[in-house]
Amino acid sequence: MRIHTAYEGALGEHFADNSTDGPCNAHTDRPAMLDLAGDVTGLRVLDAGCGAGHYITELRARGAAEVVGVEGSATLLRHARARVGDDVAVALHQHDLEEPLGFLSDDSFDLVVIALVHHHLEARRQLLAEAHRVLRPGGTLLVSTVHPTADWVWHGGSYFDEDRVETRFGDSGTTHSYRRMTMQTFLGELLDTGFALERFAEPRATEAARRVDESRYLKTHRTPFFVAVRMRKNEASRDAFDGPPRPGS
Ligand SMILES: C[S@@+](CC[C@H](N)C(=O)[O-])C[C@H]1O[C@@H](n2cnc3c(N)ncnc32)[C@H](O)[C@@H]1O
């Protein structure tokens, strides 16, 4: 399976290595998202775009009962499998997130995590609708993405440009592409899907990042890098709630 936006080969290897202790993933995005997650004890979690499995092991260490990881990159799935080891409460699937999650049942998760993934996708509304479908009523969705202001600073043009950008990925010698979008588009797509906004964060690197890369640490304290949100699926059952369109409808 070759998925256009999945982090394969050198990009995947670089990301797997970098996300263990790198300033952006390990010390900016992940602590903010885990803070938004709160107490995960006993929860059944879906990690969509699980990368090298860092969220999975962290969520299990914090007491999540089960975690399902879905990832498009064979390179990163290999890393995720090695990281997870023989933990029988974790299931990993290779799947293109541009496609519906038909192998997952309705109302079967308490928490869905989409960390720094959905800006890579064009079928974002479909993925959000799928997250809504598989969450139980009252369940939680966490999403993080590149901060629209960061993209404006880095790529120029108008703040309102919503083009696909191709950028160098650290010093991996490779590039990755994603769609930049305004805050209105990012939040609008989530709200249109039927989620309610509970918490909103513009994470800055934690103190641990200073040890790894002081200049990057300082940079995240001047320029927003990421945005992270905690959303809730309406408590009402889908019968009572005119929810988002189902994939293919
Ligand atoms: C920045 S990484 C984030 C990984 C992980 N969520 C984390 O925070 O450590 C983006 C991830 O999205 C995955 N991805 C991108 N496009 C995808 C697609 N169409 N289907 C499945 N995974 C995809 C990449 O392979 C990569 O693992």
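Residues numbered from 1 in each chain as written. Predicted model: local features only at pLDDT ≥ 70, side-chain atom pairs only at ≥ 80, totals over all residues. Heavy atoms only, no water.

In the annotation of an unreviewed UniProt entry, the entry for the protein chain reads Class I SAM-dependent methyltransferase, and the organism field reads Streptomyces pseudovenezuelae.

(A) Focus on helix 5 (residues 124–134). Among the 11 residues of helix 5, 9 are classified as buried, and the element is accordingly described as predominantly covered. The complete set of buried residues in helix 5 reads Arg124, Leu127, Leu128, Ala129, Glu130, Ala131, His132, Arg133 and Val134. (Buried < 20%, exposed > 50% of the residue type's maximum accessible area, 1.4 Å probe, protein only. Helix = DSSP H or I, 4+ residues; strand = E, 2+ residues; numbered from the N terminus.)

(B) Summary view of the site of the ligand. Residues in close proximity to the ligand total 22 residues, the closest being Thr5, Tyr7, Gly49, Glu71 and Ala115. For the ligand, a nitrogen atom lies 2.7 Å from a polar atom in the backbone of Gly49. Here a nitrogen atom of the ligand and a side-chain polar atom of Asp96 are 2.9 Å apart. Here the ligand, which alone exposes 590 Å², has 98% of that area covered by the protein. When its residues are assigned to classes, the shell around the ligand shows 12 nonpolar, 7 polar and 3 charged. (Near = heavy atom within 4 Å. Polar contact = N/O pair within 3.5 Å; in protein donor to acceptor, adjacent residues only side chain to side chain. Areas by Shrake-Rupley, 256 points an atom, 1.4 Å probe, with all protein chains shown as cover. Nonpolar A, V, L, I, M, F, W, Y, C, P; charged D, E, K, R; others polar.)

(C) Structural view of the pairing of strand 6 (residues 164–168). Burial of the side chains of strand 6 is restricted to one face: Val165 and Thr167 are buried, whereas none of Arg164, Glu166 and Arg168 on the reverse face is. Taken together, the 5 bridges between strand 6 and strand 7 (residues 175–179) define a ladder with antiparallel strand orientation. Its bridge partner lying in strand 7, Val165 is registered against Tyr178. Between the antiparallel neighbours strand 6 and strand 7 lie 6 residues, among them Gly170 with a positive phi of about 50°. (Pairing = 2+ DSSP bridges.)

(D) Inspection of the pattern of salt bridges at higher detail. Within the structure shown, the criterion is met by 20 salt bridges. Here Arg133 makes a salt bridge to Asp106, at a shortest N to O gap of 2.7 Å. Here the residue Arg133 occupies a position in helix 5, and Asp106 occupies one in the loop between strand 3 (90–94) and strand 4 (109–115), the gap between them amounting to 27 residues. By relative accessible area, which is 11% here, Arg133 ends up buried. By relative accessible area, which is 34% here, Asp106 ends up partly exposed. Here Arg210 makes a salt bridge to Glu207, at a shortest N to O gap of 3.0 Å. A cluster of three or more residues bridged by salt bridges with shared partners is formed by Asp106, Glu130 and Arg133. (Salt bridge = Lys/Arg side-chain N within 4 Å of Asp/Glu carboxyl O.)

(E) Summary view of the packing of helix 1 (residues 9–21) against helix 2 (residues 25–37). Remark: helix 1 packs on helix 2, axes separated minimally by 6 Å, with the N-to-C direction vectors making an angle of 70°. With respect to each other, helix 1 and helix 2 are oriented roughly perpendicular. Counting all contacts with helix 1, which are made through Phe15, Ser19, Thr20 and Asp21, the residues of helix 2 involved are Asn25, Ala26, His27 and Arg30. Taken together, the residues of the contact of helix 1 with helix 2 sort by class into 2 nonpolar, 4 polar and 2 charged. (Axes fitted to C-alpha atoms, helices over the stretch in contact; angles between N-to-C directions. Parallel < 35°, antiparallel > 145°, perpendicular 65-115°, else oblique. Contact = heavy atoms within 4.5 Å.)

(F) Layout of the side chain of His14. For His14, the location among the structural elements is in helix 1. Beyond its immediate stretch of four places on either side in the chain, His14 contacts Phe169, Gly170, Asp171 and Ser172.

(G) Layout of the side chain of Thr5. Within the element layout of this structure, Thr5 appears in the segment before helix 1. Exposure remark for Thr5: the relative accessible area of 17% places this residue in the buried category. Residues within four places of Thr5 in sequence aside, it is in contact with His120, Leu121, Arg164 and Ser177.

(H) Spotlight on helix 7 (residues 183–192). With 7 of its 10 residues buried, helix 7 lies for the most part within the structure. Within the span of helix 7, buried status applies to Met183, Thr185, Phe186, Leu187, Gly188, Glu189 and Leu190.

(I) Focus on the environment of Glu162. Positionally, Glu162 belongs in the loop between helix 6 (148–155) and strand 6. By relative accessible area, which is 32% here, Glu162 ends up partly exposed. Remark: the alpha-carbon pair of Glu162 and Leu197, spanning 35 residues in sequence, is separated by 23 Å. Look past the residues within four positions of Glu162 in its chain and what remains in contact with it is Arg179, Arg180, Met181, Thr182 and Thr185. Here the side chain of Glu162 touches Thr185 through a polar contact of 2.6 Å, side chain to side chain.

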